[in-house]
Amino acid sequence: MQKLALLLAIASPASAALGDGDWAAAYTKATAALAKLTQANKISLVTGTGWQKGPCVGNTAAIPAINYPALCLQDGPLGVRYAQQVTAFPAGITTGSTWDTNLIYARGYALGAEAKALGVHVQLGPVGGPLGKIPAGGRNWEGFSNDPYLSGVAMATTVNGMQAAGVQACAKHYIGNEQEKNRDTINTIIDDRVNHELYLWPFAEAVKANVTSVMCSYNKFGGSWACESNQLLTSLLKNELDFQGYVLSDWQAQHTTAGSANAGLDMTMPGDGFGDNVFLWGQALQNAISNGQVPQSRLDDMSKRILAAWYFLGQDSNYPKVTGWTSWNGGVGGPNVQGDHKNIARAIARDGIVLLKNTNNALPLKKPASLAVIGSDAIVNPAGRNACVDRNCNTGTLAMGWGSGTAEFPYLIAPLEAIRTQAAKDGTTITTSTTDTASSGASAASAAATAIVFINADAGEGYITVEGAAGDRLNLDPWHNGNALVTAVANVGNPTIVVIHSVGPLILETILALPSVVAVVWAGIPGQESGNGLVDVLYGSTSPSGKLPFTIAKTTNDYGVSFQNTEDRFTEGLYIDYRYFDKNGIAPRYEFGFGLSYTTFAYSALTVSALSTTPGNTNIVPGGVANLYDVVATVTATITNNGTVTGAEVPQLYIGLPSSAPASPPKQLRGFKKLSLAPGASGTVSFSLRRKDLSYWDAAGQKWVVPSGKFAISVGASSRDIRLTGTLG
């Protein structure tokens, strides 16, 4: 790994410089401000004040000489943690399953607007790591997809939205933190090509979107802690990707004073070790500079990066202050910042739903005479929607995983509540069993014509253990004996609809083998508008349009990955999720990109442009070499709604590299568009292929290479439902 790091350093272009791209004005201001700072000012700029020493989860001291505020850093990726009167949005994984860049942007903007209104300068999201290679990984639900292209689009779009609203986004957790088990000690060894094409990809897209900060992760990378890996922080991020912002540590992920500084860490959080008053920077950093262990230029670089990010978003002008609320007073006393954001939350909860099975048009429901609603997942936790700190229980309906990536629900519309509202309009009799007891569920089912059974599976961050799961899931089964509950209900013999709230894939074979199970609805992790979004789809006011952002397998072993104890060498290489299934000819239960609708769509008129050979600009810009992002080919197709109701489809573009390339996945997602069509209407989708999209990473040459030959072009409704094929080149 040392040899690779040296190679990276040698190959890194000298033209990567502060002030590149859109950052020139911000760096001009930062340079001027830096000249006014004392050494003590600079140290305080880069060192957190300590755990709970300020209103936010992360704080730095104010510097009056330049009107720099006490910086507020706050979780998280789905809402402002700890504060009251904020929106609890659907999780990243449900947002990803919308495949809708307009909704992704709207969510990012709303998140940023709420954070800014509360005085938060840096909102700790979005999540590109874990990417999600292990389906049972505890924090996969915080990110958007285990496909790097889909994750990358969602990362960039979210960053654009958040930062347009004025808050600094923070791309996290960089990099290789793919499991919660032993996350503080595990050593990840990722092949350079694999890292570039999978795990680094979403972060590169965030950097291209001018993300102002990146959070380094807890794990080791190639033998060094991620937060003191020169290869990760300097060679890859700051040199190759020309990252203009600053790197901050995950909370207590810093291990040494000089090692972290010299590797490229720019800000340490929370400063001390969760309140122990032991600061690895602060005076210790001053001492390291004084005795020559850390160069003064490194401190100046840290400071300039932090200041430039602040200026870049105009946070030096009339930015709100944290007023009234703190993370430590129950979050009360702050402003109500929700606005009309519940509409965005509901739209994502609705459009993130993936309809997996719908036998004989069992859905949508059409004013049924009677319904049985079954399962504890149908109701709000009886102790209260926010009764469990950081959502550290799985009681009641699952609308958020657990850990630091949580927020307080301002309210939570449970499925049963929303179904009752609709049932009152329809004259439907509702029978309930809101426990997970099989016999009670069967009894309720026998009293109604149709049963809706709610099951779930939870996960979260490793500092919390819930029902024996220390972050990561124990298996891919439903929690609370969900299979037994569904079996008991289905065995009554009436049509049974299964609704699943889950952080990731489940093995559904037991459920799908039951003849009475006529529909399966994947409702993800839907946030505060859970029930309303679900009812929109169950009753057909909106046709389902979500697509799976991962693969659902028939058996756990079909994924080909597992948790490791001390070291993960990522031996699966490029082949995770659908790439692994495709390479090995494994039939999934529901493939990546799959999702049914209440209507049907036809695909036609594929066109593939010529492949541009214009070399483009080879300067280094945020994101890497500029010409990597040049559009070099365009693919179009016509989509027609040939069904009977309005619906939205997500045509997906997959490419296969020519045979001249080194061994690669048979298909890789490289484009998608969502379009809504009335019955009989057609629309044209256009996919822009960038040079990077058609390249592989040449580790020996340390560059992206477009291979010679013919590229396979596939356009379809999922990774396996390919409707149109062609070639490029």
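The model shown is predicted, which means the values in this text are computed figures rather than measured ones. (Residues numbered from 1 in each chain as written. Predicted model: local features only at pLDDT ≥ 70, side-chain atom pairs only at ≥ 80, totals over all residues. Heavy atoms only, no water.)

K.L.:
Would you take a moment to explain empty space enclosed by the protein for this structure?
P.N.:
Regions of empty space are outlined by a rolling probe, equal in size to a water molecule, passed over the atoms. Throughout the structure, instances matching the rule amount to six cavities of 30 Å³ or more. In terms of lining, the largest cavity is formed by 20 residues, of which the most central are Arg385, Arg391, Cys393, Thr395 and Thr397. For the lining of the largest cavity, a count of residues per class yields nine nonpolar, eight polar and three charged. In this model, the second largest cavity occupies a volume close to 110 Å³. Looking at the lining of the second largest cavity, its residues break down into nine nonpolar, six polar and one charged. (1 Å grid on protein atoms, 1.4 Å probe; cavity = no way out; pocket = protein on both sides within 12 Å on 5 of 7 lines; lining within 4 Å. Points joined across faces, edges and corners; volume = space filled by probe spheres on them. Nonpolar A, V, L, I, M, F, W, Y, C, P; charged D, E, K, R; others polar.)

K.L.:
Got a minute to help me understand the pairing of strand E6 (residues 213-216) in this structure?
P.N.:
A regular strand places its side chains on the two faces of the sheet in alternate fashion. Burial along E6 is two-sided: the residues Ser213 and Met215 and Val214 and Cys216 are all buried. As judged from the three bridges shared by strand E4 (residues 168-174) and E6, these two strands associate in the parallel manner. Looking across to E6, one finds that Cys170 is bridged to Ser213. Pairing geometry for E6 and strand E9 (residues 246-249), over four bridges, is parallel. (Buried < 20%, exposed > 50% of the residue type's maximum accessible area, 1.4 Å probe, protein only. Helix = DSSP H or I, 4+ residues; strand = E, 2+ residues; numbered from the N terminus. Pairing = 2+ DSSP bridges.)

K.L.:
Which parts of the structure should I look at to understand the sheet that holds strand E16 (residues 567-568)?
P.N.:
Picture the strands of a sheet paired through backbone hydrogen bonds; they go either parallel or antiparallel. The strand order across the open sheet built from four strands is E8-E7-E5-E16, with neighbouring strands paired in mixed fashion. Each edge of the sheet is formed by a strand with only one pairing partner; in this case those strands are strand E8 (224-225) and E16. Bridge analysis of strand E7 (residues 220-221) against E8 gives two bridges, and the strand direction is antiparallel. Within E8, the position partnered with Lys220 by the bridge is Trp225.

K.L.:
For this particular structure, what's the right way to read the environment of Asp272?
P.N.:
For Asp272, the location among the structural elements is in the loop between helix H10 (257-263) and helix H11 (283-290). Between the C-alpha atom of Asp272 and that of Thr47, which follows or precedes it by 225 residues, the distance is 8.8 Å. A polar side-chain atom of Asp272 sits 3.1 Å from the main-chain amide nitrogen of Gly275. Of note is the side chain of Asp272, whose polar atom sits 3.2 Å from the backbone nitrogen of Asn277. (Polar contact = N/O pair within 3.5 Å; in protein donor to acceptor, adjacent residues only side chain to side chain.)

K.L.:
Would you mind showing me how to read the environment of Ala263 here?
P.N.:
Its location among the elements puts Ala263 in helix H10. Ala263 gets classed as buried once you look at its relative accessible area, which sits at 3%. Excluding residues that lie within four positions of it along the chain, Ala263 makes contacts with Glu228, Ser229, Asn230, Leu233 and Thr234. (Contact = heavy atoms within 4.5 Å.)

K.L.:
Would you mind showing me how to read the packing of helix H13 (residues 342-351) against helix H18 (residues 530-538) here?
P.N.:
Angle between the axes and distance between the axes are the two parameters that describe a pair of packed helices. Direction vectors running N to C along H13 and H18 enclose 50°, while the axes themselves pass 8 Å from each other. Taken together, the axes of H13 and H18 are oblique relative to one another. The two elements H13 and H18 cross, and the hand of that crossing is right-handed. On the side of H13, the interface is formed by Arg346, Ala349 and Arg350, while H18 contributes Asn532, Gly533, Asp536 and Val537. In terms of residue class, the contact of H13 with H18 is built from two nonpolar, two polar and three charged. (Axes fitted to C-alpha atoms, helices over the stretch in contact; angles between N-to-C directions. Parallel < 35°, antiparallel > 145°, perpendicular 65-115°, else oblique. Left-handed = near helix turned anticlockwise from the far one by under 90°.)

K.L.:
Before we go on, may I ask you to explain the packing of aromatic side chains in this structure?
P.N.:
Aromatic ring pairs: the centre-centre distance and the angle between the two ring planes describe each pair. Scanning the model with the defined rule gives 22 aromatic pairs in all. When the centroid spacing of 5.2 Å and the interplanar angle of 80° are considered together, the rings of Trp99 and Phe672 count as edge-to-face. Of this pair, Trp99 sits in the loop between helix H4 (92-96) and helix H5 (101-117) while Phe672 sits in strand E23 (residues 668-672), and the two are 573 residues apart along the sequence. Overall, the relative accessible area of 9% leaves Phe672 in the buried class. (Phe/Tyr/Trp six-rings, centres within 6.5 Å; stacked < 30°, edge-to-face > 60°.)

K.L.:
Is there a simple way to explain the nonpolar core in this structure?
P.N.:
Side chains of nonpolar character tend, in soluble globular proteins, to be buried together. Counting 120 residues, the largest nonpolar core has Tyr174, Trp251 and Leu307 as its most contacted members. Sort the elements by how many residues they give to this core and helix H12 (residues 296-312) lands first, with eight residues. Setting aside residues up to four positions removed in sequence, Leu307 forms contacts with Ala30, Ala33, Leu34, Leu37, Leu45, Ile66 and Tyr68. Counting residues in each nonpolar core, the second largest holds 49 residues, with Val354, Met400, Val453 and Trp522 among its members. (Core = buried A, V, L, I, M, F, W, Y, C linked by side-chain atoms within 4.5 Å.)

K.L.:
So what exactly am I meant to see when it comes to the state of the cysteines here?
P.N.:
Defined simply, a disulfide is a covalent bond joining two cysteines at their sulfur atoms. All chains considered together, the criterion is met by three disulfides. At a sulfur-sulfur separation of 2.0 Å, the disulfide partner of Cys56 is Cys72. Looking along the S-S bond of the Cys56-Cys72 disulfide, the torsion reads about -95°, which is the left-handed sense. In this pair, Cys56 sits in the loop between helix H3 (39-46) and strand E1 (58-59) while Cys72 sits in strand E2 (residues 72-75), placing the two residues 16 residues apart along the sequence. Across this residue pair, the class does not change: Cys56 and Cys72 are buried. One disulfide bridge connects Cys388 with Cys393, the sulfur atoms lying 2.0 Å from each other. Across the S-S bond linking Cys388 and Cys393, the dihedral sits near 90°, which makes this disulfide right-handed. If one numbers only the bonded cysteines of the protein chain, in the order they occur, the disulfide pattern is 1-2, 3-4, 5-6. Of the cysteine sulfurs around Cys170, a residue in no disulfide, the closest is that of Cys216, at 9.1 Å. (Disulfide = S-S within 2.5 Å.)

K.L.:
Which parts of the structure should I look at to understand H13?
P.N.:
Quick reminder: α-helices carry 3.6 residues per turn. Residues three or four places apart thus point the same way. Taken together, the buried positions of H13 are Ile344, Ala345, Ala347, Ile348, Ala349 and Asp351. Where H13 is buried, its residues contact H4, H5 and H18.

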